[in-house]
Amino acid sequence: MHRLIDLKRVAVMMVASVLLSFATAAISDSTVVEGSKAAGMDKGGCVAPQMDMRRNHMEYLKHQRDEVVHKGDRSSKFALAECVNCHASKDKKGHPVPVNAKDQFCDSCHDYAAVNITCFQCHRKVPEEK
Amino acid sequence: MAKAEFDVPELQEYVDVPEVEEGTMAHVKSFVVTKPEHNTDLGFPGELVEDWHDKALEKLDDLRGRYRSLQVFLDACVKCGSCTDKCQYFLSTKDPKNMPVGRQDLLRKVYRRYFTFAGKYFPKLVGAEDLTRETLDDWYNYYHQCSQCRRCSVFCPYGIDTAEISMAAREILDSIGYGQKYCNEIIAKVHKIGNNLGLPGPAIENTLEGLEEDMVDDFGVEVKFPLDVKGAEVLLVTPSADFFVEPHVDGLIGYGKVFHEAGISWTMSTTASEAGNFGMFIGSYENMRRVALRVREAALELGVKRIVFGECGHAWRVAYAFLNTLAGPFDFLDPDYPVPQHICEFTDDLIKEGRLNLDKSQNDDMVLTFHDSCNVARATRMGDKPGGQFEIPRNVIKAVCNNYVDMHQDTIGEKTFCCGGGGGLLTDDLMETRVNGAVPRMTALQNAMNEKGVTHMAAICAICKSQFTKVLPYFGMEMDQIVSVHQLVGNALILTTQKSEGDDEEQENDD
Amino acid sequence: MSFFFALLFILASLVFVVGLTLKIIQYAKTPVPLKIVTTPAPVTKSGVVLRMFREVVFFESLFKSTKWTWIFSWVFHMALLLVLIRHLRYFIEPDAVPAVVWTLIELVQPFGMYAGFGMVLGLVGLFLRRVLVDRVRYISAPSDYLMLLMLGFIGFSGLMMTFVVHTDIVAIKQFFTFNGGQLPADFPLIIHLSLVALLMLIFPFSKLLHVPGIFFSPTRNQVDNPREKRHIVPWAKALEEEQN
Ligand code: HEM
Ligand code: HEM
Ligand code: SF4
Ligand code: SF4
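Let's talk about the coordination of the iron atom of ligand 2
Residue and element names in this part refer to chain C. Around the iron atom of ligand 2, the protein supplies His-87 (NE2) and His-192 (NE2) as donor atoms, at distances of 2.0 Å. Considering all six donor atoms around the iron atom of ligand 2, angles at the metal cover 88 to 179 degrees and the coordination shape is octahedral. Separated by 105 residues along the polypeptide, His-87 in helix α4 (residues 67–87) and His-192 in helix α9 (residues 187–202) bring together distant segments of the chain. For His-87, a relative accessible area of 22% translates into the label partly exposed. On the basis of relative accessible area, His-192 is assigned to the buried category, the value being 10%.

As for the interface of chain C and chain B
Counting from both sides, the interface comprises 64 residues of chain C and, opposite them, 81 residues of chain B. With both sides pooled, the region where chain C packs onto chain B buries about 5700 Å², and carbon together with sulfur makes up 57% of that total. The largest share of the area that chain C buries against chain B comes from Arg-135, Tyr-138 and Arg-227 of chain C, three residues that together contribute 15% of it. Joining chain C to chain B, the criterion identifies six salt bridges. Here Arg-381 of chain B ties to Asp-224 of chain C by a salt bridge, and the two come within 2.9 Å at their closest N and O atoms. Summed over the shared surface of chain C and chain B, the result is 40 residue pairs in polar contact (both at pLDDT 80 or more). Secondary-structure elements contributing two or more residues to the side of chain C that touches chain B are α1 (2–29), α3 (60–65), α5 (99–132), α6 (134–139), α7 (142–164), α10 (210–216), α11 (218–221) and α12 (234–243) of chain C. By residue class, the composition of the side of chain C that touches chain B is 28 nonpolar, 19 polar and 17 charged.

Looking at the coordination of the iron atom of ligand 1
For a metal bound by four donors in tetrahedral geometry, the ideal donor-metal-donor angle is 109.5 degrees, whereas six donors in octahedral geometry ideally sit at 90 or 180 degrees. All names here are of chain C. Of the protein atoms, only His-77 (NE2) and His-210 (NE2) coordinate the iron atom of ligand 1, at distances of 1.9 to 2.0 Å. The coordination sphere of the iron atom of ligand 1 comprises six donor atoms, whose angles at the metal cover 87 to 180 degrees; the geometry is octahedral. With His-77 in helix α4 and His-210 in helix α10, this residue pair connects regions lying 133 residues apart in the sequence. Judged by its relative accessible area of 23%, His-77 is partly exposed. Look at His-210 and you get buried, because its relative accessible area is 13%.

Regarding the site of ligand 3
Residue and element names in this part refer to chain B. Contacts to ligand 3 come from 14 residues, most closely from Cys-87, Cys-146, Cys-149, Arg-150 and Cys-152. Mapped onto the shell around ligand 3, the elements with two or more residues apiece are α4 (88–93), α5 (100–115), α9 (151–155) and α10 (162–175). Each residue belonging to the shell around ligand 3 can be placed in one class, and the counts come to seven nonpolar, four polar and three charged.

A few points about the packing of aromatic side chains
Residues and elements named next belong to chain C. What the rule picks out here adds up to 30 aromatic pairs over all chains. Ring geometry for Phe-9 and Phe-176: centres 5.1 Å apart, planes at 90 degrees, overall edge-to-face. Here Phe-9, found in helix α1, pairs with Phe-176, found in helix α8 (residues 169–176); they are 167 residues apart in sequence, far enough to count as distant. For the pair formed by Phe-9 and Phe-176, the shared burial category is buried. Seen in terms of ring centroids, Tyr-90 and Phe-91 are 6.2 Å apart; in terms of plane orientation they differ by 85 degrees. Their pairing is edge-to-face.

Observations concerning the domain arrangement of chain B
Residues and elements named next belong to chain B. Annotation of chain B at the domain level lists domain 1 (36–187) and domain 2 (193–405 + 454–492). Its C-alpha centre places domain 1 at a distance of 32 Å from the equivalent point of domain 2. Contacts between the two partners involve 20 residues from domain 1, matched on the other side by 18 residues from domain 2. For the pair domain 1 and domain 2, the two sides together bury roughly 1600 Å², of which 54% comes from carbon and sulfur. It is Arg-150, Ile-186 and Ile-187 in domain 1 that bury the most area against domain 2; as a group they hold 31% of the surface buried on that side. Where domain 1 meets domain 2, there are seven residue pairs in polar contact (both at pLDDT 80 or more). The set of elements that each furnish at least two residues to the side of domain 1 that touches domain 2 consists of α9, α10 and α11 (181–192). The residue makeup of the side of domain 1 that touches domain 2, split by class, is 10 nonpolar, two polar and eight charged.

About the cut-offs
Residues numbered from 1 in each chain as written. Chains lettered and ligands numbered in written order. Predicted model: local features only at pLDDT ≥ 70, side-chain atom pairs only at ≥ 80, totals over all residues. Heavy atoms only, no water. Donors = N, O, S within 2.8 Å, 3.2 Å for Na, K, Ca; no water. Tetrahedral: all angles 85-135°; square planar, octahedral: opposite > 155°, others 65-115°. Helix = DSSP H or I, 4+ residues; strand = E, 2+ residues; numbered from the N terminus. Buried < 20%, exposed > 50% of the residue type's maximum accessible area, 1.4 Å probe, protein only. Contact = heavy atoms within 4.5 Å. Buried area = accessible area lost by both parts, 1.4 Å probe. Salt bridge = Lys/Arg side-chain N within 4 Å of Asp/Glu carboxyl O. Polar contact = N/O pair within 3.5 Å; in protein donor to acceptor, adjacent residues only side chain to side chain. Nonpolar A, V, L, I, M, F, W, Y, C, P; charged D, E, K, R; others polar. Near = heavy atom within 4 Å. Phe/Tyr/Trp six-rings, centres within 6.5 Å; stacked < 30°, edge-to-face > 60°. Domains from an automatic or database assignment.

Right, here's the structure in full:
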C-alpha cells in the first residue's frame, strides 16, 4: 500500500519540477543582433544557409585558416574578419561592440552552450575601420 | 593416504584459473533430512511440502523484504565476472555453478522471473527462468557447496556476498521441508542437549576431570577446568570439539593454563557448552537466536562478569557480530571489557602485560604458519583496530614460537582461502567438495613447506582443524600438521609453581 | 519528430525518475537485521564514507581483483562521468547557476569531447572480455551484451556528432529546456536520442541498479562496531518481544 502513496508524492514532485523548468528564459529564433549589418539583410544574405552555419561554422573557419596559413590562399568566403564585419553591432554612440562581448553575436550562443571561444585572443573582434 | 571414490586433485605449484566445465559437481548432494523431527524441531515442515513451488516463492518474497542484503544483491550484480575465479570450490571443480556469481544466479534467475518487470515480460533476454524441480535441486546441491566464506564479497565491486544468498536459499529450502541432514540434526541437538556433538553434562565433566588429573601428573600443578561454577569472573564458551578431539583439546588445555596463570576465575557451562551456531549456516535468524540465547542465559545464571569465546571461526562471527543483536544487551557484564572477547584477545592482553612466563623454545620442533579462518578474517575483528583479527593471533603465535612464517600473500588476511569445510559442509557426504575446496589452501601450505620449511599450520577454528585433520592425508600430508593456537601457547607457558625441569625455573618467575 | 521525441523523453524521464526513486525507497525501507560488513572495515562513520568514496571513485574492490576489468571499467565510467558533465550544457541555463559552476562546465568541455573516445574504448574492452573469457561468457545473458552495445552506440553516435557531422547544439538545448525549438533532423542525433531514451527506460529494471545498489550494500556501508553498539531492527525486536 505505501508504495502507492510514494508514487503519488513522487509524481507531484515531478510535475512541479517540469513546470518550473518551463519558466526559464527563452532564446530567439535568430541570434543575429540588432544594429549589425546582418540585421538589415534577409535570411539568405549570409555566406551559407543558417542551418549550415549553426552546425559547421567552426569547421569552415578552421578550414579557411588552414588554407590561408598553409597554402596562402585567401580566396575562401569563410573569413573570420568578414563574419565580424557583418555581425558586430554598434552601441548607442555608434561605436562598434566586440562580437564576443556579453550577449553579442558570438557570445550569446557560445555562452549558452558553454563553449569558450579563443579566436579573439588574436583576431579582431570589431569591424575594420574603413 | 585416505581412500576416495572420486579423483583427488593433484597439487600444482600454482592454482590456475581453470576453463569452465559444466556439471562436474552436479552429482554431489549432501544428505537430505530423513527424520522429520530434525526439521520440525527447528520449526520447519518435516518433509518436502506439496506446494513447494509457491511456498518457496513466498519465502523468497518474504526474505527480500526483511533482508536488504538479499534485495540489493539480487538487483545489483552487473555480471562483471570479478568474483568468478575467487571461490575455492570453483577453482578445483571447474563447475561454473560453483563460481560465486553462478551460484547466485541460481536464485537470481528465479527472482527475476517472478519479481522483476524485465524477467516477467522478457525472461529470455535477461536470463530469467521458471522455478522447476531441477532448479530446486540445483539450489540444494550448489548452495550446499558454498562454505559462506565471503571471499567473493571482498572482490565484488558492490560487496555482493554469496554467503548471504546461500543463507537465504537454505532458509527457503528449510521452509519447504528440504533441509540438510548435517546442519539440522546438529541444531536439533543444540536445542535439546546444548552442544553440537550432543555431549551430555556428565560426559563433559568427566573429560574435564581427566584433564585436571593430567595437569597434576605432568606439571604438579592443580590447573582447574571448572564447569558450572557460579560467581566466576569469566564464562568461557568454546566449540564442543575442544572437549575431546585432537588437536582441539590441546587448545582447551592452553586456555586452562592461561586462565590459571592470569589468576582469573573462570568457568564453562553445560548448557552453553558450544560456541558454534549452525543457525547461521541455514540462514535462520530464529534458530540462530535460540542457539545464541543459551550463552546469555548461562552468563546470567552463573553470574559471570565477562564472556570469552574459544577458538572457532563461525562461532566468533556469531559472537562478535551478531551476539549483541541476538541476545543483547549485555549491560549486566563488566563494561570495561568488550562483550564478548576472543580468547586470543584475552591471551594477547596478558602477554602484553607480561603476565605470562613463556618459553618459546618449547615449540622449537615446529616451523609454523597460520591459516586465517574465513569467518574471523572477513566477518569479525579483534582488538580495536581494523585488521586486528590478523595481527592478534599472529602476535600470540610469535610470542610463543621462534619459527613463524606466513603463507603466500594472496592466500592470507582478507584474501584467505577457506579450509574447504566451513558453512555446514563438514560432513562426510560432501567429501568430494571438501577435498576440492581445500586445494588452494593445501597448495599454499605445500609451497610454504617446500620453500620455507614449514612443518605445522596453526588455526583458530574448530571446523578448520577438523577439516584439515581429515583432508591433509588426501594430499600426502600428515593429519597432525594442524595445531591449535592455544596448543602452542600451552606448550610454551611455564606455570608459576610448575615442577622444574631445570634449576633456574624459580628465578625466572619473579615478577 | 520533435513531438515524438518530446513524448518519448517525457515518458522516459518519468519512468527513470519514478522507477529509480521507488527502487531507492525500497532499498532504504528494507531492514538490515544483522551486522554483515566485510572486514577489515572502518570502525567509524567517517571511515565508512571514505571507504565508499574509494569504492565509487576508484573501484577499489575491483582493483583488488582483476586489473584488466578494472582498467576498462574505470576508463569507461570516468569518461562517462566527464561526458555527462559536459552534457549538462544542454540542460542548464547559464543564468540559472552560479557563474563558477558555468565556468566549470565550460572547462570540462574539451575533456568531455575526448572522453567520448575513452568511453567507447572502455566499452569495447568490456565487450571483448565478455565474449572472450569463458567464465564471463557463461554468466552473460543477452541483455548483458546488448547493454554494452547500446552504450557503445550512444557513444559512437555522439562522437559522430562531435567530430564528423555536427548538429545544431543551440536548437537541441532549446528543445530540452522546454523553449519550443525543433529538434534538428540529423541521423546520428536520432540514434543518439532514441538510445538514450531506451537507456533511461530500462535503468530502473536492469543491472544499472548497481548505481543506487552500491550505496546500499550492507557489506560496504556498515560501521564495524557490533560489540560497541547494539544493532537491532524492528522485525527482530518484535520477534524478541514475542518470544520473551
Ligand atoms: C555511482 C556510479 C557508478 C559506479 C560506482 C559504478 C561502478 C561500476 C562497477 C564497479 C562496475 C563493474 C565493472 C565492469 O564490469 O565494468 C560497473 C559496471 C557497469 N556499469 Fe557502472 N557504475 C556507476 C554508474 C554507472 C552508470 C551511470 C552507468 C550507465 C549509464 C553504468 C553502466 C555500467 C555498465 C553497463 C556496466 C557493466 C559493464 C560490463 O558489462 O562489463 N554505471 N559499474
Ligand atoms: C537527452 C540526453 C542527451 C542529449 C540531448 C545528448 C546530445 C548530444 C549531442 C548534441 C552531442 C554532440 C556534441 C557536439 O556535437 O559537440 C552528444 C555527444 C555525445 N553524447 Fe550525448 N546526449 C544525451 C545523452 C547522452 C548520454 C546519456 C550519453 C552516455 C551514456 C551520451 C554520450 C555522448 C557521447 C560519448 C558524445 C560524444 C562526446 C561529446 O561530445 O561529449 N549522451 N550528445
Ligand atoms: S562465499 Fe565462499 S564458498 Fe561461497 S561462493 Fe563465495 S567464495 Fe565460494
Ligand atoms: S563480482 Fe559482484 S557484480 Fe561482479 S559478477 Fe560477481 S557478484 Fe556480480
